[in-house]
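Residues per chain, in single letters:
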Amino acid sequence: MVDIIRALGWTYVSTIASEGSYGEKGIEAFTQLSKEAGGICVAQSLKIPHNPKVEDYDKAIQQLLETQHSRAVVIFASEEDIRGVLNATKRANQVGHFLWIGSDSWGAKSSPIHQLEDVAVGAVTILPKRSSIRGFDEYFTALTLENNRRNVWFAEFWEENFDCRLLSASKREDTSRKCTGQERIGINSKYEQEGKVQFVIDAVYAMAHALHNMQRDLCPDHLGICPQMESAEGKTLLKYIRNTSFNGSAGTSVVFNKNGDAPGRYDLFQFQVTNSSTPEYKMVGQWVESLQLRLEELQWPDGEQDVPISVCSLPCKTGERKKRVKGMPCCWHCELCDGYQYQYDETSCRLCAYNMRPNPNRTACQPIPIVKLEWHSPWAIIPVFLAMLGIIATIFVMATFVRYNDTPIVRASGRELSYVLLTGIFLCYIITFLMIAKPDVAVCAFRRIFLGLGMCISYAALLTKTNRIYRIFEQGKQTVTAPRFISPTSQIAITSSLICVQLLGVLVWFAVDPPNTIIDYDEQKTINPKLARGVLKCDITDLQIICSLGYSILLMVTCTIYAIKTRDVPEDFNEAKPIGFTMYTTCIVWLAFIPIFFGTAQSAEKLYIQTTTLTISMNLSASVALGMLYMPKVYIIIFHPEMNVQKRKRSFKAVVTAATMSSRLSQKPSERPNGEAKTELCENPAADPMREGSGSGTEEDRQRQERQRRHPSTCSTYALQDCG
């Protein structure tokens, strides 16, 4: 029975036994063998009491239904109990639910399932192999009440078999029909040779052989029973029985093993509905030392084609592990290997390596795909487009300045620092392409160099310009002596010194941490492994990026401070106000950049957002400087060449005096001493430092005075650049 259940793939079964040695011992042996075989769990083990009531059978069925998944039921019970269980199943409307495995008490008998055939369909039963004993049928059917008086139970059998009542001491009260004594077995009643006749005959012969061997050994000199044989204990007789071997009544050998059991030889039957729609038992296999079951011949209730299941837990799906229920090795809960785990075996999950993720069915790990910022990505298209426009505009401005290199506006802008500033602006645009290019050692090295270099060059040049203006006007308030280091050569030297600090920092960075590429698996390691990506990028942290830009930001802040200090300088004096507006706007851009850059540090889109934010911020900074400082000049050079003319050269003293008086004119009238008029500079020829040492005036002086009288508001607009 254990082998049948294993062959059918059932792991979760219940048992029913009739109270008594047959049922209880049979289920006990089944339970023990199932534990030894492994893989079979008993869900419930029920017992039918002696003299059961209908309620006892109904209660047993209700208990079986409590474990719905345990459809297979092993039944070691008497015929009456088998009928009671089948009837209770029908009353519970559970026909076809249970899969019965019947012991030899069920066998191939029709009496236990009479009028209950629909409930018994699919039942698999066992019956010891048997053979019809020749001569027994003639002997038994010839028995009558007259020739078999020695059997005290034969009269009771006669009444039961022929459904009649003997007059002498009859115990039957359910019939009034009288037995005539002329009835014949097999003629007036149905007859079929009892299947156990063979075993009864063999048992008698086994006892006879054992007694014969015992008498031969203990009483060699006696023909009958000797005193030694009479005093022998039962254990001695049992020993001889177990050692007996002979050919049985069916022609098969009769032997016993060490436990006293004869070799098992069983036929396997299943109660099926045949083509004639008449249910009957069909032999589907046998068990002789091993199971031989023809699975293809089995039929199941409700027309099921496949073998029904009777398991505590269904097999876990791929990628799920079994979490066994304590005390029930056949029962488990299925738990999905979640996150980055894969199914190592049926009971455990393991974590994939840091650069791996589970495959779709979670049976193994596979490499995490590697990504980088692609050129066709929207995150790259926008900054690249802005950078290309900026590069074109920068080249156009630079070409214009080179073409008109000797014109007053270009010369007045400070040609040397202008070209330095344009170079820095150009590098700010170029860094966009390096930030988007596929990382390798060379690209990472250039990123480190140019990331802060473009901004450093730009703001170093602007800082030098604003510092020069500030020093000129601060010193002009105290003396007419020109401050030191305001010549073009000095300005280039100062700018170069500031740029060298940035380059020195980059060299130290190279020495401490050589450029390299890494694959960051943490940046886009999402909760869902399917979305996980490894990011190919340069080995540059966010902090290192900020440190690389930090010096440029320091220059920008310092330049902004000088721009604020020179905010009152007249607008024609060497770009002070355009530089101021440029720095204010640039500060706003970078103040917006910092929270966006660090606020997205934990985002799965960090690579794209930070790269786009950084490149756009640099593009905007360069565009602001290019637009505010150079576009007005280019506009005048190209569209208003008449304004690009040389003004009369003036000494540094004259320029400083004019700027100082211009500042005084910008004051409120109430703040001026003695109510000086706005045009006092114009109305006081002696205030014009250019007239010092030039006599009482020439025709040119008279014409200038006339212009000053007519346009007094323009008399202070002499550019600082006119003095060289």
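The structure reproduced in this document is the subject of the present report. (Residues numbered from 1 in each chain as written. Predicted model: local features only at pLDDT ≥ 70, side-chain atom pairs only at ≥ 80, totals over all residues. Heavy atoms only, no water.)

## A look at the pattern of salt bridges
Here comes step 1: On inspection of all chains with the given rule, the structure shows 15 salt bridges.
Here comes step 2: A salt bridge links Asp-217 to Arg-216, with the nearest nitrogen and oxygen atoms 4.0 Å apart.
Here comes step 3: Overall, Asp-217 belongs to the partly exposed group, its relative accessible area being 43%.
Here comes step 4: Residue Glu-297 is joined to Arg-294 by a salt bridge in which the shortest nitrogen-to-oxygen separation is 3.1 Å.
Here comes step 5: A cluster of three or more residues bridged by salt bridges with shared partners is formed by Arg-321, Lys-323 and Glu-335. (Salt bridge = Lys/Arg side-chain N within 4 Å of Asp/Glu carboxyl O. Buried < 20%, exposed > 50% of the residue type's maximum accessible area, 1.4 Å probe, protein only.)

## Here we look at the packing of aromatic side chains
Here comes step 1: Within the structure shown, the criterion is met by 18 aromatic pairs.
Here comes step 2: Relative to Phe-157, the ring of Phe-140 lies with its centre 5.8 Å away and its plane at 65 degrees, an arrangement referred to as edge-to-face. Placement of the pair is Phe-140 in helix α6 (residues 136–141) and Phe-157 in helix α7 (residues 154–162), with a sequence separation of 17 residues.
Here comes step 3: For Phe-157, a relative accessible area of 30% gives the class partly exposed.
Here comes step 4: Between Phe-154 and Phe-157 the ring centres are 5.8 Å apart and the planes differ by 40 degrees, which places this aromatic pair in the tilted class. One end of the pair is Phe-154 and the other is Phe-157, both in helix α7 and three residues apart, which spans about a single turn.
Here comes step 5: For Phe-154, a relative accessible area of 5% puts it in the buried group.
Here comes step 6: Taken together, the ring pairs in this structure connect Phe-136, Tyr-139, Phe-140, Phe-154, Phe-157, Trp-158, Phe-162 and Tyr-191 into an aromatic cluster. (Phe/Tyr/Trp six-rings, centres within 6.5 Å; stacked < 30°, edge-to-face > 60°. Helix = DSSP H or I, 4+ residues; strand = E, 2+ residues; numbered from the N terminus.)

## Considerations on helix α16 (residues 542–565)
Here comes step 1: The terminal C-alpha atoms of α16, which comprises 24 residues, lie 33 Å apart, in line with the 34 Å expected from a rise of 1.5 Å per residue.
Here comes step 2: The sharpest bend along α16 reaches about 40 degrees and sits at Gly-550.
Here comes step 3: Turning to α16, its buried residues are Asp-542, Ile-545, Ser-548, Leu-549, Tyr-551, Ser-552, Leu-555, Met-556, Cys-559, Thr-560 and Ala-563. (Expected span 1.5 Å × (residues − 1). Bend = angle between axes of the 7 residues up to and from the residue.)

## Section: a nonpolar patch on the surface
Here comes step 1: Taken together, the side chains of Ile-382, Phe-385, Leu-386 and Leu-389 present a nonpolar region at the surface, about 370 Å² in accessible area.
Here comes step 2: Structurally, Ile-382 is set in helix α11 (residues 378–403).
Here comes step 3: Judged by its relative accessible area of 48%, Ile-382 falls in the partly exposed class. (Patch = residues over 30% accessible without salt bridge, like charges linked within 9 Å, V, L, I, M, F, W, Y side chains within 5 Å. Areas by Shrake-Rupley, 256 points an atom, 1.4 Å probe, with all protein chains shown as cover.)

## Re the state of the cysteines
Here comes step 1: Under the counting rule described, the total for this entry stands at eight disulfides.
Here comes step 2: Sulfur-sulfur distance for the disulfide between Cys-41 and Cys-330 comes to 2.1 Å. The sign of the S-S torsion, about 85 degrees, decides the handedness of the disulfide formed by Cys-41 and Cys-330: right-handed. In this pair, Cys-41 sits in strand β2 (residues 41–48) while Cys-330 sits in strand β12 (residues 328–336), placing the two residues 289 residues apart along the sequence. When sorted by exposure, Cys-41 lands in the same class as Cys-330, which is buried.
Here comes step 3: The disulfide that involves Cys-164 links it to Cys-179, with 1.7 Å between the sulfurs. Disulfide Cys-164 to Cys-179: torsion about the S-S bond roughly 95 degrees, handedness right-handed. Taken together, the residues span a long stretch of sequence, with Cys-164 in the loop between α7 and α8 (197–218) and Cys-179 in the loop between α7 and α8 at a distance of 15 residues. (Disulfide = S-S within 2.5 Å.)

## Structural notes on the side chain of Ser-418
Here comes step 1: Relative to the assigned elements, Ser-418 resides in helix α13 (residues 415–436).
Here comes step 2: Those residues in contact with Ser-418, other than ones at most four positions away along the chain, are Phe-401, Ser-413, Lys-465 and Tyr-630. (Contact = heavy atoms within 4.5 Å.)

## Observations concerning the packing of α11 against helix α19 (residues 631–639)
Here comes step 1: At a minimum axis separation of 11 Å, α11 and α19 run at an interaxial angle of 50 degrees. The angle between the axes of α11 and α19 places the two elements in the oblique class. For the pair α11 and α19, the sense of crossing is left-handed. Taking contact as the criterion, the partners of Ala-393, Phe-396, Val-397, Thr-400 and Phe-401 in α11 are, on α19, Met-631, Lys-633, Val-634, Ile-637 and Ile-638. (Axes fitted to C-alpha atoms, helices over the stretch in contact; angles between N-to-C directions. Parallel < 35°, antiparallel > 145°, perpendicular 65-115°, else oblique. Left-handed = near helix turned anticlockwise from the far one by under 90°.)

## Structural notes on the sheet that holds strand β10 (residues 291–293)
Here comes step 1: Strands sit in the order β2-β1-β3-β4-β5-β8-β9-β10 across an open sheet of eight strands; the sheet is mixed. Edge positions in the sheet fall to β2 and β10, since each has one partner strand and no second. Recorded for the sheet is a direction-independent mean angle of 25 degrees between the axes of neighbouring strands.
Here comes step 2: As paired strands, strand β3 (residues 72–76) and strand β4 (residues 99–102) are joined by four bridges and run parallel to one another. Across the sheet, residue Ile-75 finds its bridge partner in β4, namely Gly-102.
Here comes step 3: Strands in contact with helix α2 (residues 21–37) are β1 (12–18), β2 and β3; relative to β1, the strand with the most contacts, it is inclined by about 155 degrees.
Here comes step 4: Where helix α3 (residues 54–65) meets the sheet, its contacts fall on β1, β2 and β3, and the angle it forms with β2 comes to roughly 170 degrees. (Pairing = 2+ DSSP bridges.)

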